[in-house]
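# Per-entry structural report
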Amino acid sequence: MSFEISNLFSVAGKTAIVTGGSRGIGKMIAQGYVENGVRTYISARKAEACKATAEELSQKGECIAFPADLSTKEGRDQFISEIKEREDKIDILVNNAGAAWGAPFEEYPDDGYDKVMNINLKTIFILTRDLMPLLLKDASQESPSRIINIGSIDGLRVSTTDNFAYGASKAAVHFLTKNLAVRFGPKGLLVNAIAPGPFESQMMDYMLKNFQDKIEAENPLGRIGNPFDMAGLPIFLASDATKYMTGQVIALDGGRSLGTAQK
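### Here we look at the packing of aromatic side chains
The tally for this structure, following the rule as stated, stands at six aromatic pairs. For the pair Y41 and F66, a centre-to-centre distance of 5.1 Å together with 70° between the ring planes defines the contact as edge-to-face. Here Y41, found in strand β2 (residues 39-42), pairs with F66, found in the loop between β3 (63-65) and α4 (73-86); they are 25 residues apart in sequence, far enough to count as distant. Just as Y41 is buried, F66 falls in that class too. Of the aromatic side chains, those joined through ring pairs into one cluster are F105, Y108, Y113 and F164.

### Some details on the sheet that holds β3
What the seven strands build is an open sheet, ordered β3-β2-β1-β4-β5-β6-β7; its pairing is parallel. The open sheet has two edge strands, β3 and β7 (249-252), and neither has a second partner. Strand-to-strand twist in this sheet, taken as the mean axis angle between neighbours without regard to direction, amounts to 20°. Pairing between strand β5 (residues 145-150) and strand β6 (residues 189-196): six bridges, direction parallel. Residue R146 lies in a different strand from β6, and its bridge partner there is L190. Seen against the sheet, helix α3 (residues 47-57) touches β2 and β3 and runs at an angle of roughly 165° to β3.

### Thoughts on the nonpolar core
Counting 28 residues, the largest nonpolar core has I29, Y33, V94 and I148 as its most contacted members. When contributions to this core are tallied by element, the ones reaching two or more residues are β1 (15-18), α2 (24-34), α3, β4 (92-95), β5 and α8 (227-238). Take this core: its biggest share by element is six residues, from α2. Beyond its immediate stretch of four places on either side in the chain, Y33 contacts A16, V18, V38, T40, I92, V94, I148, P234, I235 and A238.

Calculation notes
Each chain has its residues counted from 1, following the order in which its sequence is written. Per-residue local features are limited, in this predicted model, to residues with pLDDT of at least 70; the limit for side-chain atom pairs, both in listing and counting, is 80 or more; totals at the level of whole chains, interfaces and linings are taken over all residues. Hydrogen atoms and water are omitted, and side-chain values are computed over all heavy atoms in the structure. We call Phe, Tyr and Trp rings a pair once their centres come within 6.5 Å, taking the six-membered ring for Trp, and we label the pair stacked below 30 degrees between planes, edge-to-face above 60, and tilted otherwise. Here a helix means four or more residues in a row that DSSP labels H or I, a strand means two or more in a row labelled E, and each is numbered from the N terminus. Note on exposure labels: buried denotes an accessible area under 20% of the residue type's maximum, exposed denotes more than 50%, and partly exposed covers the range between, all computed with a 1.4 Å probe on protein chains only. Pairing between strands requires that DSSP locate at least two bridges from one strand to the other. Lines fitted to the C-alpha atoms define the axes, with helices restricted to the stretch that makes contact. Angles between their N-to-C directions range from 0 to 180 degrees. Note on contacts: a residue pair is in contact if any heavy atoms of the two residues lie within 4.5 Å. For this analysis, a nonpolar core means a set of buried residues of the types Ala, Val, Leu, Ile, Met, Phe, Trp, Tyr and Cys, connected via side-chain atoms within 4.5 Å.

Encoded structure:
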């Protein structure tokens, strides 16, 4: 047994899927994996964006675009079929694809609520279920596979914005993480969640354009997250350093979920 850094934290040689991997947090995670020797499949609904990101990241490693609309059964079925044609085992599944919808409580639309819950929660459950044979193939306590679900600090605390379905969906993702961790731990599968605070992404675009100064002033670390901040934790959770960690929801938010900065 070696405690060398190169052994503890290496992810080289693994195979990963990152959903919603063409931009934002998903792209940050995918880049971290690709640059550290992980063969990484990325999915996104927009084919051209997915292919462009894969081409960009492939300059530093192996990144493969698998465009798919994972919110539909047809899209999921096609995605899973194509993955199974390429791989008989997946080491890491990052469930990152998501959606948000903001509206006042009295006006919150049924279709907006359904869209957010379906993409953020139902799609994670179904995709994980259908990819489970690949995740469990050759998985063991000594060499576990990983699921990393991307939740949100809005699933840990009550947001001040009108994102009712989003916060509820992310809290459910956190609990689903714990449920899967208990159920599949004996089979060699570790399931953890990351609850990000504000990072640059299309989902955060409106808030950052209009309120970035306020958001940063309230954060105990005085800033929003950057790609380097995001890449590190998924690498850690996929490495041998976390073989005894499962069912955890880890806030990656500069301390914002704990409270506002004290001046």
